Amino acid sequence: MQWPLKLFNNSSDEPRLRELRGMRLFKQLTPRELREVDELLHERSYQKDEIIFDEGDVGLGLFIIVSGRAKAVSSHAALQQLAPEFCCGDFFGELSLFHESSRTARVVAVEPARVVALFRTEFFSLLERNKGIGVKILFELSRAMCQRARSLALGPQPPSKP
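Because the structure is a prediction, the values reported are computed rather than measured.

(A) A look at the pairing of strand E3 (residues 61–67). Of all seven residues in E3, six are buried; the element is thus mostly enclosed. Taken together, the two bridges between E3 and strand E6 (residues 91–92) define a ladder with antiparallel strand orientation. Considered in E6, the bridge of Phe-63 is made with Phe-92.

(B) Layout of the packing of aromatic side chains. Counted according to the given criterion, the structure contains six aromatic pairs. Linked through ring pairs, Phe-53, Phe-63, Phe-86 and Phe-92 together constitute an aromatic cluster. Sitting above the plane of the Phe-53 ring, Arg-103 keeps its charged end 3.9 Å from the centroid.

(C) Here's a closer look at the pattern of salt bridges. One pass over the structure, following the stated rule, counts 16 salt bridges. Its salt-bridge partner being Glu-85, residue Arg-69 comes within 2.3 Å of it at the nearest N-O pair. One end of the pair, Arg-69, is in the loop between E3 and strand E4 (70–73); the other, Glu-85, is in strand E5 (residues 85–86), and 16 residues separate them in sequence. Between Glu-140 and Arg-143 there is a salt bridge; the shortest N-O distance is 3.8 Å. Of this pair, Glu-140 and Arg-143 both sit in helix H5 (residues 131–154), three residues apart, which is roughly one turn of that helix. Each member of the salt-bridge network shares a partner with another, and the members are Arg-16, Glu-19, Asp-38, Glu-43 and Arg-114.

The rules behind each value
- Residues numbered from 1 in each chain as written.
- Predicted model: local features only at pLDDT ≥ 70, side-chain atom pairs only at ≥ 80, totals over all residues.
- Heavy atoms only, no water.
- Buried < 20%, exposed > 50% of the residue type's maximum accessible area, 1.4 Å probe, protein only.
- Helix = DSSP H or I, 4+ residues; strand = E, 2+ residues; numbered from the N terminus.
- Pairing = 2+ DSSP bridges.
- Phe/Tyr/Trp six-rings, centres within 6.5 Å; stacked < 30°, edge-to-face > 60°.
- Lys NZ or Arg CZ within 6 Å of the ring centre and 35° of its normal.
- Salt bridge = Lys/Arg side-chain N within 4 Å of Asp/Glu carboxyl O.

Below you can see the structure in the form of structure tokens.
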């Protein structure tokens, strides 16, 4: 029997949910949790060479590349060796979720890019409202921050074997 209305499956948001599920930060979330997070995200498009945020800016949240690429450039010697490039699903600026301090790098779009931002205020309201989603996101943030700290301390490492 075919139902005339799809009450629990909004097909118009399926492409967006697939995009979010493909992002490392949200890979453990259920469809319902993804919808809840999606309501908190702010989307913006950047042109090639446009600054997403500048070194020294006060950090207000993290950014995730939906499509396109961006690159971080820093005046700090320790960070210059990394010069990370971000593409689909990668996130950056995550430290600002926990501490309102100045950005340590400039991030610039290398090509036209679609980016979503999760700001500190929305993230903390999510943590208060739904701890389960918050724990899943915090776990992924922690894993990424550990990998980045290790890379900074030891330099780039060859990929590990499965």
